[in-house]
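# Commentary on secondary and tertiary structure
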Amino acid sequence: MRAHEAGALHAEGYGGPPHWLPTPGDVNELMPQLWPQTVARDEQGRLTVGGLDVVSIAREFGTAAYVLDEEDFRARARAFRDEFAEPFAELGGVDVYYAGKAFLCTEVARWVADEGLCLDVCSGGELAVAQRAGFPAERIGLHGNNKSLAEIRQALEYGVGRIVVDSFEEIERVAAVATELEVRAPVMVRVTVGVEAHTHEFIATAHEDQKFGFSLAGGRAAEAVARILEHDGTLDLLGLHSHIGSQIFDTSGFEVSARRLIGLHAEVARVHGVHMPELDLGGGYGIAYTSEHTPLQPRELGEQMADLVARELKTVGDGSPDVPAPKISIEPGRAIAGPSTFTLYEVGTVKDVDLGGGLTRTYVSVDGGMSDNIRTALYDADYSCTLASRRSEAGPRLARVVGRHCESGDIVVMDEYLPDDITAGDLVAVPGTGAYCRSMASQYNHTPRPPVVAVRDGRARVLVRRETVEDLLALDVG
Ligand SMILES: Cc1ncc(COP(=O)(O)O)c(C=O)c1O
């Protein structure tokens, strides 16, 4: 059933469980690929993470809560750094930018810096977090299709390593602020390459009807390069950038985008005699939210991405022998933050609803919902979940896990087999909520946003505290 603005009765009817959700033999079993690396069950069947059980985490920090496995996050960041470094060593090297929009707070910015990654921010607020963490300025890239003058100034005053420009107005704005500050601003050009990728499919077309970037096919990207070069004293052209989509499980879309970008990269060398030192292929690597998803691991990704870049450079090089390999960058967000975190909820009610024709659906309501995870309602995203506070000997019952908000589309997990004895007071954990959940969280229904609790080596600490009703009221000036 898809969520519908007008309410559940307007949505599609009961279609049964999705094809990728088999009835489990044992409802307590965990699929390791969905969970942070340190997650297990203890003798009582309680979920443990970083050496702590979730019942004590819930007692100390309350629910709903995002529980972040620090070691898992760091290991994924390191894996991208290391597994890309080797295959790209002979190709001009690689930088990994963690996309902070997935999830960012001061401590996470410090982990990203510690692990030797760069950081992609897309607003003055994200940049402020990086600044507070003391993130090295030269390793920060600033994105955004409508940066304010204040954001451009903030970035240049801090000395960020790159600003990815997105419009002709912005080229002039960055040049003006750079002139005012008497600096030379390092810029990249966001290119719309005409590739749209999701999961295993991508579409390569001339259709570019979206707000980001300069069109390659229409010649605007080349025009942007020319205009930047006219500001040679104030703008330092680093290279081209593209980002083709999200939840991508296959590198074929990157191959087409690399071909198109490298084509323009070589044209700039030919036409302007300028060798841009960098080229950014963006983020978008997929993760497993359910058994349906089989993501590529950083090693395979690193090898495949290096192979395709080498191939495209060679093709271009054949016609134009002196195009030196630019340093490549990638911008994974979800693939680092997503699997590191699960959301811990407490069950409040369990209700069977008659669907007609003798069918019923079990609705399990938890103490959170679309305010802490909007992705189900926004993107029809699928999630999994498990009973986290105990082992159950009961058989499986197909359930829908819903939130506590005043929307029938307030669904957390569309379909999951939970134990038949699931009841109020049980804890349920939803994995894969580290990316685009806290960062997109709202206070809908005046619901204070949950905390982010990091766990490592048997210790838990709050990275972002729970909001309170006082926090909400503090903004309301009466
Ligand atoms: C420019 C850019 N880079 C990187 C990302 C990160 O994507 P993901 O979290 O899917 O890796 C995004 C996401 O929207 C993006 O817009």
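The rules behind each value
- Residues numbered from 1 in each chain as written.
- Predicted model: local features only at pLDDT ≥ 70, side-chain atom pairs only at ≥ 80, totals over all residues.
- Helix = DSSP H or I, 4+ residues; strand = E, 2+ residues; numbered from the N terminus.
- Buried ≥ 20, exposed ≤ 12 C-beta atoms within 10 Å, placed from the backbone.
- Contact = placed C-beta atoms within 7 Å.
- Pairing = 2+ DSSP bridges.
- Near = placed C-beta within 6 Å.
- Nonpolar A, V, L, I, M, F, W, Y, C, P; charged D, E, K, R; others polar.
- Axes fitted to C-alpha atoms, helices over the stretch in contact; angles between N-to-C directions.
- Domains from an automatic or database assignment.
- Core = buried A, V, L, I, M, F, W, Y, C linked by C-beta atoms within 7 Å.
- Expected span 1.5 Å × (residues − 1).

### Notes on the overall build of the protein
Looking only at helices and strands, one finds 12 helices and 24 strands in the protein. Dimensions along the principal axes, computed over C-alpha positions, put the protein at roughly 70 × 50 × 45 Å. The burial tally for the protein puts 47% of its 478 residues in the buried class. Taking the contacts inside the protein whose residues are at least 6 apart along the sequence as the reference set, 70% of them involve residues at least 24 apart.

### A short note on the pairing of strand E13 (residues 235-241)
Here E13 lies mainly inside the structure; six of its seven residues are buried. Here strand E9 (residues 185-192) runs beside E13; their pairing, made up of six bridges, is parallel. When the bridges of E13 are listed, Met-188 appears paired with Gly-239. Relative to strand E15 (residues 278-280), E13 runs parallel, the two sharing three bridges. Following the sheet pairing, Leu-240 is matched in E15 by Leu-279.

### What about the site of the ligand?
Surrounding the ligand, one finds 17 residues, the nearest of these being Ala-99, Gly-283, Glu-331, Gly-333 and Arg-334. Along the lines of polarity and charge, the residues of the shell around the ligand split into six nonpolar, seven polar and four charged.

### Notes on the sheet that holds strand E10 (residues 195-199)
In space, the three strands of this open sheet follow the order E11-E10-E14, with mixed pairing throughout. Edge strands, defined here as strands with exactly one partner in the open sheet, are strand E11 (201-204) and strand E14 (245-248). Neighbour-to-neighbour, the strand axes of this sheet turn through a mean angle of 20 degrees, independent of strand direction. The pairing of E10 with E14 spans three bridges and is classified as parallel. Its bridge partner being in E14, Thr-199 is matched across the sheet by Ile-248.

### Considering unusual backbone geometry
Thr-63 connects to Ala-64 through a cis peptide bond whose omega is -10 degrees. The backbone phi angle of Tyr-436 is positive, close to 60 degrees, even though this residue is not glycine. Locating Tyr-436 in the fold gives a position in the loop between strand E22 (427-431) and strand E23 (452-456). The phi torsion at Asp-457 lies on the positive side, around 50 degrees, for a residue other than glycine. Topologically, Asp-457 is positioned in the loop between E23 and strand E24 (459-464).

### Re the domain arrangement of the protein
By convention, interface size is frequently given as the accessible area that disappears when the constituent parts associate. Split into domains, the protein comes out as domain 1 (8-62 + 339-475) and domain 2 (71-332). Placing a centre on the C-alpha atoms of domain 1 and another on those of domain 2 gives a separation of 34 Å. With 25 residues of domain 1 in contact, the opposing surface of domain 2 contributes 18 residues. Listed by contribution, the elements that provide at least two residues to the side of domain 1 that touches domain 2 are E23 and E24. Looking at the side of domain 1 that touches domain 2 element by element, the count peaks at three residues for E23.

### Quick word on the environment of Glu-201
Note that Glu-201 resides in strand E11. On the neighbour-count criterion, Glu-201 (13 C-beta atoms within 10 Å) is partly exposed. In this structure, the C-alpha to C-alpha distance between Glu-201 and Gly-253, residues 52 residues apart in sequence, is 7.8 Å.

### Description of the nonpolar core
Formed by 134 residues in total, the largest nonpolar core has its most connected members in Leu-119, Val-174, Leu-344, Val-428 and Val-453. It is helix H8 (residues 252-272) that provides the largest number of residues to this core, a total of seven residues. Filtering out sequence-adjacent residues up to four positions away, Leu-119 remains in contact with Tyr-97, Tyr-98, Gly-100, Ala-109, Val-112, Ala-130, Phe-135, Arg-139 and Ile-140.

### Digging into helix H2 (residues 70-88)
Residues separated by three or four positions in an α-helix point in the same direction, a consequence of the helix having 3.6 residues per turn. When the terminal C-alpha atoms of H2 are compared, their 27 Å separation across 19 residues agrees well with the 27 Å that a helix rising 1.5 Å per residue should span. All buried positions along H2 are accounted for by Glu-70, Asp-72, Phe-73, Arg-76, Ala-77, Ala-79, Phe-80, Phe-84 and Phe-88.

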